[in-house]
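As a plain string of letters, each chain reads:
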Amino acid sequence: MTTTTGRTDETRPGLNAPAGPTGWTRFSEWLDRHSGQFFITPAVVMILIFAIFPLVASLMLAFTRARIGAGGFKFRFAGLQNFEKQFFGSEQFHFLGTFSAFSLLAWAVMAATTAGIVWWLYRYASTKFSWFGFVGRLITAALIFGIVLMFSATLFSGSPFGTLGVTLFYVFVGCAIQFAIGLGLAFLCSQKIRGRGFFRVVFFLPLMITPIGVGYAFRMLADTSKGPFAPLWQAVGLGDFTWVANAWTARMFIVVADSWQWIPFVFIILLAALENVPRDFVEAAEVDGASGWQIFSDITWPQIMPVAATVMLIRVIEAFKIVDLPNIMTAGGPGIATESMTLHSFFAWRSFDLGQSSAIAYLLLFVTVVVCVSFFNLVVLGRIRQS
Amino acid sequence: MTATGHDLSSRGLWQRLFEPPSINRMAPGTFITVYALLLVWTLVVLFPVYWVLITSFKLPLDVASGPYFLPWVDFTPDLHAWKALFVDDWEDTLKAYSNSIIIALASTALSVLVGSMAAYGLARVQYKPKLGSILIFVAATIAAIIAVVRYGVEWWLAGLVALAVFYFLVLALSRHFKTTLANGDILFWIISQRILAPIVVVVPIYIMFQRVGQLDTHQAIILTYAVINLPIVVWLMYDFFTSIPVDLEESAQLDGATRIMTFTEIVLPLSRAGLAATTLLVSILSWNEYLLALFLSTSKAQTMPILVAGMAAGERGVLWWTMCVTIIVMIVPVVFMAIVLQRFISKGVLLGAVKG
């Protein structure tokens, strides 16, 4: 379709036309002449129908109010109402959080962030300047500023934050834990030890278990009265404690389950990267008397950095979509403390508020795209350019 | 340490523990630390699995009356949960299980086939789509959606008219479009679809399948999964195809092979390792998918993850024992597939793609 209407400049030298052009040979000739289109059209058509078309339709839905009437949904244009509600209206507490007056800490954080952003933009503008890069950095800076503003008015001023904050918590805290432990395990497994094959297979196991199963397994483990650690909890006098009653422990509980499942992914790829580092480099440094830390930071890390950055990009992209664990482990509770944006959108859909559901989904898409594109341009490409 | 020598007796305890005695041997302290950490993580990984396994053999009473750890020691294993799932409710289990297997296999096959075709095209053919044509297409799509949503036009009519308008506009105008995109742009466009959270597109997809009466069917879920996983396939396979030397294909084409024959007879067999790794990854993702199945299936096409989640929604509280059985039963095909495909997957297949 669209992308394939352009001509392909592929040529096939040396094919002699077959003698009697039957229907089949003519068809295969025709197919071969258009093989460029033949290869790519199915993928493009499928993506257009099931990704691009719904994407546009979803944008339309975000600007409408849907009402259930006789014979299905009735849609009415509502302008920016759905988005306005999330930022300033009745749904503000749900999406951004309950705002309260700035505390001293919030003012300090805001001041530091503003100074940091101004310095960052100034440094870029004064060294190498291009309009494209500057506008891109401006968008990144605006998002960072908005997020810090949101956290300042909620978290740093002592009131709860909404689904945006929760999603960012899952993404950044979860991915940081997964990267740290995944890298550590990969490093341990890359040592010259026996039984590496065994550890590699065992450590891969969590990735094979369905996320729903992981969620329920951790619900059983976390049970402080009937779970396997109950004697331990009772011994320290926490027999009546439940993880899901407190906002922060409930969030950590989900991050732990998510990390348990995804550390293997980070581990397996970083291990392959570590094994790819030439042994002679490391051995030469050892002979020269470099310390373990020096070897890691000067030789190993620069070698595995591009892989590490890409793995984390993949993890960040996937982590923004988190929904199954919060849904089955806490159902978003207590209150809305563990509700991710996907879950928020899903709940809105379940109450037939299609407009709001799409609006939240689009906000999620916007945050994901800005974070991932910034990460890709500033970290992945930046490091590759440096090295 | 004395100033004169490095004899062993003068080494301090710390040095003796943590300084390697030779370049190929590990110091005993490091050795113990490494193994201790690895064993700790082995426990962290295996304990939840062990707990799920023994819970599947527990009576409801054993689950409710406090933690029991060892079968035959502090509780008697019982097959009641396995019996409930495979003897009493075997029809439901079999339905969900076969649904899951059909959907995972078919969607994996579809996305690996379509995705590797696209990846091969991008790796070997120069595409030059015109920016103007793409803009016309987007405009036609938006017009069609507005017509359907605001003015209640039949969806197939709007689609047909939009396609026709697009076709004739491109025929008439394409000579005047100068800006073209290249393969890199198409590749980026396809891969970037992975950023799209399923929740953004699932409501329109739901409405779309509802309009054509295909909700709660295999084909609806298969198609959706195939598209969701397409970016991964294109990304991994593109990297794999570019690493295959082009000479082989050129000589085959000199001998009169068509491009499609080259693809099926030469390129695909050469990329078995990449195909195996991609197939494994994509089939695990489809096998475990939850959110889209929640939207697109209600009863007939229900998949295993939905069945597992359903065990918590019964009126008798969470049925931990049968749920643990289903979790274990869900691991089996994945392990089986991993073992089967393991032979083809060489080390570092995924590494090339990740290196970017």
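Quick caveat, the model's predicted, so the values are computed rather than measured. (Residues numbered from 1 in each chain as written. Chains lettered and ligands numbered in written order. Predicted model: local features only at pLDDT ≥ 70, side-chain atom pairs only at ≥ 80, totals over all residues.)

Caption draft 1: View of the overall build of chain B. For chain B, the helix and strand inventory stands at 17 helices and 0 strands. A globule of 356 residues ought to have a C-alpha radius of gyration of about 21 Å, yet chain B, at 28 Å, is considerably larger. Once the C-alpha set of chain B is aligned to its principal axes, its extents read approximately 90 × 70 × 40 Å. (Helix = DSSP H or I, 4+ residues; strand = E, 2+ residues; numbered from the N terminus. Rg over C-alpha atoms; globule rule 2.2 N^0.38 Å.)

Caption draft 2: Expanded view of the overall build of chain A. Scanning chain A from N- to C-terminus turns up 16 helices and 2 strands. For chain A, the spread of C-alpha atoms along the principal axes amounts to about 90 × 80 × 55 Å. Buried residues in chain A amount to 39% of all 387 residues. Nonlocal contacts in chain A, meaning residues at least 24 apart in sequence, comprise 72% of its contacts between residues at least 6 apart. (Buried ≥ 20, exposed ≤ 12 C-beta atoms within 10 Å, placed from the backbone. Contact = placed C-beta atoms within 7 Å.)

Caption draft 3: Structural context of unusual backbone geometry. We note that A:Phe352 has phi near 60 degrees; this positive angle belongs to a residue other than glycine. Relative to the helices and strands, A:Phe352 is located in the loop between helix H15 (341–350) and helix H16 (354–386). The exposed category is assigned to A:Phe352, around which 11 C-beta atoms lie within 10 Å. Here the phi dihedral of B:Trp72 falls at roughly 70 degrees; this positive angle occurs in a residue that is not glycine.

Caption draft 4: Just the packing of helix H5 (residues 90–124) of chain B against helix H13 (residues 272–288) of chain B, in detail. Residues and elements named next belong to chain B. The contact between H5 and H13 brings their axes to 9 Å, and the two run at 135 degrees. Relative to H13, the element H5 is oriented oblique. The handedness of the crossing between H5 and H13 is right-handed. Counted together, Ser-100, Ile-103, Ala-104, Ser-107, Thr-108, Ser-111, Val-112 and Ser-116 of H5 and Leu-275, Thr-278, Thr-279, Val-282, Ser-283, Ser-286 and Trp-287 of H13 form the full contact between these two elements. Tallied by class, residues from the contact of H5 with H13 come to 6 nonpolar, 9 polar and no charged. (Axes fitted to C-alpha atoms, helices over the stretch in contact; angles between N-to-C directions. Parallel < 35°, antiparallel > 145°, perpendicular 65-115°, else oblique. Left-handed = near helix turned anticlockwise from the far one by under 90°. Nonpolar A, V, L, I, M, F, W, Y, C, P; charged D, E, K, R; others polar.)

Caption draft 5: Quick peek at the confidence of the model for chain B. Residue and element names in this part refer to chain B. Per-residue confidence for chain B gives a mean pLDDT of 84; residues scoring 70 or more make up 92%. Mean pLDDT per element in chain B: helix H17 (residues 349–355) is the minimum at 66, and H5 is the maximum at 92. Within the model, pLDDT remains below 50 along residues 1–5, and this stretch shows 4 contacts once partners closer than five positions in the same chain are excluded. This prediction of the complex comes with two scores: 0.85 for pTM and 0.83 for ipTM. (pLDDT = per-residue confidence, 0-100.)

Caption draft 6: Quick look at the confidence of the model for chain A. All names here are of chain A. For chain A, the mean per-residue pLDDT works out to 84, and 92% of the residues sit at or above 70. Here strand S2 (residues 72–77) is the element of chain A with the lowest mean pLDDT, 73, and helix H7 (residues 163–189) is the one with the highest, 93. Across residues 1–18, confidence stays below pLDDT 50; counting only partners more than four residues off in sequence or on other chains, it has 43 contacts.

Caption draft 7: Geometry of the interface of chain A and chain B. The interface of chain A with chain B comprises 93 residues on the first partner and 91 residues on the second. The dominant element in the side of chain A that touches chain B, judged by the number of residues it contributes, is helix H2 (residues 35–62) of chain A, at 19 residues. Of the residues assigned to the side of chain A that touches chain B, the class counts are 60 nonpolar, 22 polar and 11 charged.

Caption draft 8: Focus on the nonpolar core. Formed by 185 residues in total, the largest nonpolar core has its most connected members in A:Ala43, A:Leu270, A:Leu364, B:Ala118 and B:Val234. Considering every element that reaches this core, the biggest residue donor is helix H10 (residues 218–242) of chain B, with 18 residues. (Core = buried A, V, L, I, M, F, W, Y, C linked by C-beta atoms within 7 Å.)

Caption draft 9: Molecular detail of the environment of A:Gln86. Residue and element names in this part refer to chain A. Along the chain, Gln-86 turns up in helix H3 (residues 81–87). Separated by 270 residues in sequence, Gln-86 and Gln-356 have C-alpha atoms that sit 8.6 Å apart. Apart from the residues lying within four places of it in its own chain, the contact partners of Gln-86 are Glu-91, Gln-92, Phe-95, Ala-359, Ile-360 and Leu-363.

Caption draft 10: The packing of helix H8 (residues 183–192) of chain B against H10(B), seen in detail. Residues and elements named next belong to chain B. Their axes nearest at 7 Å, the elements H8 and H10 cross at an angle of 135 degrees. Taken together, the axes of H8 and H10 are oblique relative to one another. Handedness of the crossing formed by H8 with H10: left-handed. Contacts from Leu-187, Ile-190 and Ile-191 in H8 reach Pro-231, Val-234, Trp-235 and Tyr-238 in H10. For the contact of H8 with H10, a count of residues per class yields 7 nonpolar, no polar and no charged.

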